[in-house]
Amino acid sequence: MIVVDGHLDLAMCALDWNRDLRLSALETRRQEAGMAQKGRGTGTVGFPEMRAGQVALSFATAFARVAWPGSGVSGYRTQEIAYGHAMGHLAYYRQLAANGGVRLVASRADLDRHLAEWSEPIRPGAGPEEPPLGFVVSMEGADAIVSPEQVPEWWANGLRIVSLCHYGFSAYAHGTGMPGGLLPRGRPLLRAMEEVGMILDVSHLAEQAFYVDQIDHVCQVAGDARHAAIGSDLDGGYGTEQCPHDLDTIADLQKVPDLLQRRGYAEDDIRLVMHGNWVRLLREALPAS
Ligand SMILES: [Zn+2]
């Protein structure tokens with residue numbers, strides 16, 4: 001069953017951690033053997049594992065945070081630096097797409113074409129006839145957008161989803177672990193985002209509990225399976241040491257349908273959680289072409 005993963009910091013792994021994501025996560029572990037930094041040698045994400053896990057589409061982040069005085073988080077000194085860094089993330093995705101094997105999904109037309117190519121069961125290792133991995137470019141914390149006037153430039157480059165803040169606070173709003181809402185610059189940014197049709201991401205998931213408990217919880221609270229989806233955040237600054245014990249690589253997302261079935265979820269509901277809910281949201285929110 002195909003998976004839409006609503007959160008992967010792929011460009012961070014490539015640019016900030018110097019990982020070649022086209023390699024297997026297992027190969028990257030070998031390359032990083034002996035490195036002391038947290039998360040090194042224990043990564044879970046490579047394109048081969050994404051294919052094996054049928055992760056047809058993911059929300060791939062381009063982001064950089066400013067260390068605003070008092071926010072208590074690490075980051076860059078200025079928004080200009082954050083802009084340059086996050087544009088680098090975006091440039092990486094564009095280059096992967098230019099090389100083939102990756103597709104940037106920026107419109108409903110892209111989405112429909114992409115899902116049609118993934119509708120047949122995929123045999124990992126089938127070679128060039130394998131459909132590309134699809135990425136919807138998203139931003140986690142909006143510091144890299146220097147001003148509302150810059151939103152159209154980001155849009156033209158393929159950015160489609162933005163959350164205003166991450167941890168601490170951003171130029172625009174308070175985030176996880178901070179009381180407070182929008183900052184004065186937040187409102188004009190939201191207006192600029194609305195003008196181009198940018199999707200606003202209001203999630204700030206902080207928990208790392210096993211997905212199935214979370215999914216089940218959301219479904220119980222909502223009363224149906226239409227409001228839960230996957231945003232794995234795998235390799236978002238850590239590796240297997242911070243993963244559920246039965247998850248070795250991203251390919252193991254394919255265990256989730258089985259786990260949901262054992263909790264009594266019907267096939268149709270499992271499809272919604274694995275990809276259907278994200279696809280519905282994207283169909284409603286992306287521009288037609
Ligand atoms: Zn992230």
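As a convention, each chain's residues are numbered from 1 in the sequence order in which they are written. It should be noted that, the model being predicted, local features are given only for residues of pLDDT at least 70 and side-chain atom pairs only at 80 or more, the latter also being counted only at that level, while totals for whole chains, interfaces and linings use all residues.

A. Broad picture of the overall build of the protein chain. Per the convention used, a helix needs a DSSP run of H or I reaching at least four residues, while a strand needs a run of E reaching at least two, with both numbered from the N terminus. The secondary structure content of the protein chain amounts to 10 helices and six strands. With C-alpha atoms as the basis for the radius of gyration, the globule rule is written as 2.2 Å multiplied by the number of residues raised to the power 0.38. Since a compact globule built from 289 residues should have a radius of gyration of about 19 Å, the 18 Å found for the protein chain is in line with a globular shape. Once C-beta atoms are placed from the backbone, each residue is buried if 20 or more other C-beta atoms lie within 10 Å of its own, exposed if 12 or fewer, and partly exposed for counts between those two. For the protein chain, the proportion of its 289 residues judged to be buried stands at 41%. Within the protein chain, residue pairs in contact and separated by at least 24 positions form 70% of the contacts whose partners lie at least 6 positions apart. A pair of residues counts as a contact when their C-beta atoms, built from backbone coordinates, are within 7 Å of each other.

B. Fine view of the pairing of strand S2 (residues 55–61). Burial analysis of S2 places seven of its seven residues in the buried class, the great majority of the element. Paired strands, as defined in this entry, are two strands with at least two bridges between them according to DSSP. Sheet topology note: the strand S1 (residues 3–8)/S2 ladder contains four bridges and is parallel. Residue pairing for S2: Val3 is matched across the bridge by Val55. Taken together, the five bridges between S2 and strand S4 (residues 133–140) define a ladder with parallel strand orientation. By the bridge assignment for S4, Ala60 is matched with Val137.

C. Representation of the confidence of the model for the protein chain in the model. The predictor reports its confidence for every residue as pLDDT, a score running from 0 up to 100. Averaged over every residue, the pLDDT of the protein chain is 91; residues scoring 70 or more account for 94%. Within the model, pLDDT remains below 50 along residues 205–209, and this stretch shows four contacts once partners closer than five positions in the same chain are excluded.

D. Quick peek at the environment of Val162. Of note, Val162 is situated in strand S5 (residues 159–163). Placed 40 residues apart in sequence, Val162 and Val202 show a C-alpha to C-alpha distance of 8.6 Å.

E. Structural detail: unusual backbone geometry. One non-glycine residue, Asn18, lies in the positive phi region at around 60 degrees. The residue Asn18 is located in the loop between helix H1 (10–16) and helix H2 (25–31) in this model. The residue Gln54 is not glycine, and still its phi comes out positive at about 55 degrees. Structurally, Gln54 can be placed in the loop between helix H3 (47–52) and S2. Judged by C-beta crowding, with 18 C-beta atoms within 10 Å, Gln54 ranks as partly exposed.

F. Structural context of the nonpolar core. Residues of type Ala, Val, Leu, Ile, Met, Phe, Trp, Tyr and Cys that are buried and joined through C-beta atoms within 7 Å form what is called a nonpolar core. One finds Ala86, Phe135, Val137, Met139, Ala142, Ala144 and Val273 to be the most contacted residues of the largest nonpolar core, which totals 76 residues. Other than its neighbours up to four places away in sequence, Phe135 contacts Ser58, Ala60, Tyr93, Val102, Leu104 and Val105.

G. Examining helix H4 (residues 79–99) more closely. Helix span is expected to be 1.5 Å times the residue number reduced by one. Taking 1.5 Å per residue, 21 residues should reach 30 Å; H4 reaches 30 Å between its end C-alpha atoms and fits that length. Among all positions of H4, only Gln79, Ala82, Tyr83, His85, Ala86, His89, Leu90, Tyr93 and Leu96 are buried. Those residues of H4 that are buried lie in contact with H1, S2, strand S3 (102–104), S4 and S5. Gly100 occupies a position one or two residues after H4 and carries a positive phi of about 95 degrees.

H. The arrangement of the environment of Ala86 in detail. Within the fold, Ala86 resides in helix H4. Residues Ala86 and Arg65, 21 residues apart in the sequence, show an inter-C-alpha distance of 9.1 Å. Once residues within four sequence positions are removed from consideration, Ala86 is found in contact with Ala62, Phe63, Ala64, Met139 and Ala144.

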